[in-house]
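In case you want the letters, here they are:
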Amino acid sequence: MISRRDFLKTLGVAAASSVAVPVIGGTRHSFSRWAGASDKIRVALIGCRSMGWYNLTDSLRDKSVECVALCDIDRNILESRAAELQKMTGFRPYIYNDYREVLERQDIDAVIIGTPDHWHCLQMVDACSAGKHVYVEKPIANSIAECDAMVAAARKWGRVVQVGQQQRSGNHWHEMKQYIDSGKLGKISHVNVWANFGYCNITNPAQDSTPPAHVDFDMWLGPAPARTFNEARFHGSWRMFWDYGGGLLTDWGVHLLDMALWGMNVKGMPKRVVATGGNFAFSENRAETFDTMQVAYEFDDYLIHWSNSAIESNRPYGRNYGVEFVGQNGTLVANRESWEVYPANNSVEAIKRLPDGKDHENHVANFYRCVRQQDAATACPIDNGALCAKYAHLGNISARVGESLVFDDERKKFNNKAANELIKPDYRKPWRFPEIK
Ligand SMILES: NC(=O)c1ccc[n+]([C@@H]2O[C@H](COP(=O)([O-])OP(=O)(O)OC[C@H]3O[C@@H](n4cnc5c(N)ncnc54)[C@H](O)[C@@H]3O)[C@@H](O)[C@H]2O)c1
């Protein structure tokens, strides 16, 4: 990985450009292994605007967790989150705009990565190599090759990694899984997964402009291709542009495909994937990703099917998102609001179960428990995050090249030249793709 000094040299800026601010009333701790439950776990948050902040605030429910530092490329967000944190905890965190300076700190045990998807791989790999445990948001990466690098990094440096697929810590999802495992549904031939959300429609075109003075846009782009700033493809909306995200399929898809793959005990790639999509729902949609999409993942004796739409209709089952396991004896339908069984015959009973609403809180707590116990078996380890993210990328790649595809996960190749071009991104210099040896 390129060093900060080299990086700054390339950019011709002085190393003094960081914005570290001393902790008020805080003390420095040296890095220690976790020996006992009374020890503090010192964390930093990288990417503070939305989900990263939610992860941090749930982290602070654990009184042994302290936030030492915040990092963001948007100084307004950084300052306002630092002030909020100070109000909540009495301590003002150190603040940074370059995550590599955070990783250099010896007093940080773990980092939360809440940046856009195109940043996850580099930041997670660098964090592991710096000896930090990592809570990384989903989808773990914006490409198949990055998923593999992240799995290799977690193994190489033996770090505890939790992927932000919090449904894995939800009580009603576990009940659902137990029910499926009981075999009561009979042979399952079809798993249907859907998400209909209007936010995949980007209808507010903004003119390209110079970035606001409080934003380090070059550091936001990072390894993604250079381009002029545009506020309609920046905070929040980046997920609908291929260089940074994969649309609804990587955004909601990983959460819901995770439940489909878990339910069916899938550990590897499908036999074949066939997908199609386009921006058909709104003609003025400026997104690159698809507001209307269908993906079929083929297995020996069943199909997993994904669909998404920008039309926010509550369909099917009165739900605008969900997963449906279609068995001979009945159909199980689930989303974050409940899971239900609709009998097809007299061999199963109608069931409806509600969640306790603690998925996220439990998921975050599970991470710190695993850190304390040096236990890599988190509720959503990196291998699982990689599996789901790869499924999402397979669907997007099939739709983008307009072909049905077979992916050989051993040889890291599709049966299609155009699809192979989309496996690994070209990192913009001076960033380098992390090859893990
Ligand atoms: N688990 C969930 O339910 C869930 C929900 C929403 C989002 N997410 C995931 O969380 C991640 C963030 O999504 P979001 O909605 O919070 O995005 P966002 O655009 O609202 O926030 C991203 C933040 O990262 C900052 N950032 C960008 N580049 C950075 C860099 N190099 N260093 C430091 N900070 C940087 C941005 O300035 C911004 O503050 C995504 O991967 C998304 O998929 C997960």
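A brief structural summary. Keep in mind it's a predicted model, so treat the numbers as computed, not measured.

### Concerning the site of the ligand
- Within the structure, the ligand sits among 30 residues, and Arg-49, Ser-50, Asp-72, Asp-117 and Lys-138 are positioned closest to it.
- In the model, an oxygen atom of the ligand is placed 3.0 Å from a nitrogen or oxygen of the His-120 side chain.
- Taking Arg-239, its side chain carries an N or O atom lying 2.9 Å from an oxygen atom of the ligand.
- Protein contacts shield 94% of the accessible area of the ligand, which totals 860 Å² for the unbound molecule.
- Counting residues per element, the ones that place at least two in the shell around the ligand are α5 (117-129) and α8 (217-221).
- For the shell around the ligand, the element with the highest residue contribution is α5, accounting for 4 residues.
- Taken together, the residues that form the shell around the ligand break down as 12 nonpolar, 11 polar and 7 charged.

### Some details on the pairing of strand β9 (residues 292-298)
- Pairing of strand β8 (residues 272-278) with β9, which is carried by 7 bridges, proceeds in the antiparallel orientation. Residue Gly-278 lies in a different strand from β9, and its bridge partner there is Thr-292.
- In this structure, the hairpin formed by β9 and strand β10 (residues 303-309) is closed by a connection of 4 residues.

### Focus: the sheet that holds strand β5 (residues 133-136)
- The 6 strands are arranged β3-β2-β1-β4-β5-β6 in an open sheet whose pairing can be described as parallel. The outermost strands of the open sheet, each flanked by one partner alone, are β3 (94-96) and β6 (161-163). Each neighbouring strand pair of the sheet contributes to a mean axis angle of 20°, computed without reference to strand direction.
- Relative to strand β2 (residues 65-71), strand β1 (residues 41-46) is paired through 6 bridges, and the arrangement is parallel. Within β2, the position partnered with Leu-45 by the bridge is Leu-70.
- Lying on the sheet, helix α11 (residues 359-372) is in contact with β1, β2, β4 (110-113), β5 and β6; it crosses β5 at an angle near 165°.

Reading the values: rules and limits
- All residue numbers refer to positions counted from 1 along the written sequence of the respective chain.
- This being a predicted model, a pLDDT of at least 70 is required before a residue's local features are given, and a value of 80 or more before pairs of side-chain atoms are given or counted; all residues contribute to the totals for chains, interfaces and linings.
- Only hydrogens and water are set aside when side-chain values are computed; all heavy atoms of the structure are taken into account.
- One heavy atom within 4 Å of a molecule or strand is enough for the residue carrying it to be called near that molecule or strand.
- Each polar contact in these results corresponds to two N or O atoms within 3.5 Å; when the atoms are within protein, one needs to be able to donate a hydrogen and the other to accept it, and residues that are neighboring in sequence are counted only if both atoms are side-chain atoms.
- Residue exposure ignores everything except the shown protein chains as possible cover, and the areas themselves are Shrake-Rupley values with a 1.4 Å probe.
- Counting from the N terminus, the helices are the DSSP runs of H or I reaching at least four residues and the strands are the DSSP runs of E reaching at least two.
- When residues are grouped by polarity, Ala, Val, Leu, Ile, Met, Phe, Trp, Tyr, Cys and Pro land in nonpolar, Asp, Glu, Lys and Arg in charged, and all others, Gly among them, in polar.
- We call two strands paired when DSSP finds no fewer than two bridges between them.
- Only the stretch in contact is used when a helix axis is fitted, and all axes are lines through C-alpha atoms; the angle between N-to-C directions ranges over 0 to 180 degrees.
- Any two residues whose heavy atoms approach within 4.5 Å at even a single point are treated as in contact.

Purely spatial values, then, with no claim about function.
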